[in-house]
Amino acid sequence: MLWVKTFHIVFVASWFAGLFYLPRIFVNLALVPPDSTAERERLLLMARKLLRFMTLLAVPALGLGLWLWLGYGIGRGPGNGWLHAKLAVVLVLLGYHHGCARLLRAFEQGRNRHSHVWYRWFNELPVLLMVLAVALVVVKPF
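Residues numbered from 1 in each chain as written. Predicted model: local features only at pLDDT ≥ 70, side-chain atom pairs only at ≥ 80, totals over all residues. Heavy atoms only, no water.

Participant: If you had to explain a nonpolar patch on the surface to someone new, which residues and values would you point to?
Facilitator: Together, M130, V134, V137, V138 and V139 make up an exposed nonpolar region whose accessible area comes to about 420 Å². Following the sequence through the fold, V138 ends up in helix α5 (residues 125-139). On the accessibility criterion, V138 (63% relative accessible area) is exposed. (Patch = residues over 30% accessible without salt bridge, like charges linked within 9 Å, V, L, I, M, F, W, Y side chains within 5 Å. Areas by Shrake-Rupley, 256 points an atom, 1.4 Å probe, with all protein chains shown as cover. Salt bridge = Lys/Arg side-chain N within 4 Å of Asp/Glu carboxyl O. Helix = DSSP H or I, 4+ residues; strand = E, 2+ residues; numbered from the N terminus. Buried < 20%, exposed > 50% of the residue type's maximum accessible area, 1.4 Å probe, protein only.)

And the structure:
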């Protein structure tokens with residue numbers, strides 16, 4: 001079980017690195033002048049590759065988490081409401097990940113509607129969600 005936990009943590013941390021960095025690329029994309037095609041294409045390429053990579057990292061993170069829950073029974077039984085809250089946080093993170101993919105598509109199609117300031121605030125959400133998830137796992141408040 002400790003190996004499963006280890007790899008779960010490694011893949012989650014790696015997935016979060018992508019969740020933190022992709023919106024930073026969006027900040028830069030939102031700042032690109034309309035006549036700077038090369039810069040825009042370079043940032044779009046970086047964003048596409050990062051999205052693909054972070055999606056590949058999310059799959060084992062989720063699979064290993066399910067293995068811990070369903071295979072080893074972590075979070076089962078009374079006094080484990082923290083796991084339900086953590087699973088809700090994970091669902092929100094999956095929605096955020098999907099939202100990043102949609103925002104990237106909008107950039108690719110020239111339909112971005114947000115400013116670089118909006119993306120700076122958007123970038124803070126995974127930080128807050130990570131703090132919440134870690135607090136739920138470590139403190140187990142309910």
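From this point, the discussion proceeds with the structure in view.
Participant: How would you sum up a positive patch on the surface? Please name residues and give values.
Facilitator: Among the surface-exposed residues, R102, R105, R111 and R113 lie close enough to one another that they form a single positively charged patch. Mapped onto the secondary structure, R111 falls in the loop between α3 (81-108) and α4 (116-122). (Lys, Arg positive; Asp, Glu negative; His and termini not counted. Charge placed at Lys NZ, Arg CZ, Asp CG, Glu CD.)

Participant: An account of the environment of L22 is needed here, citing residue identities and associated values.
Facilitator: The topology assignment puts L22 in helix α1 (residues 2-31). Looking at L22, the relative accessible area reads 0%, which means it is buried. For L22 and M54, which are 32 residues apart along the polypeptide, the C-alpha to C-alpha distance reads 9.3 Å. Aside from chain neighbours lying at most four places away, what touches L22 is A47, L50, L51, M54 and C100. (Contact = heavy atoms within 4.5 Å.)

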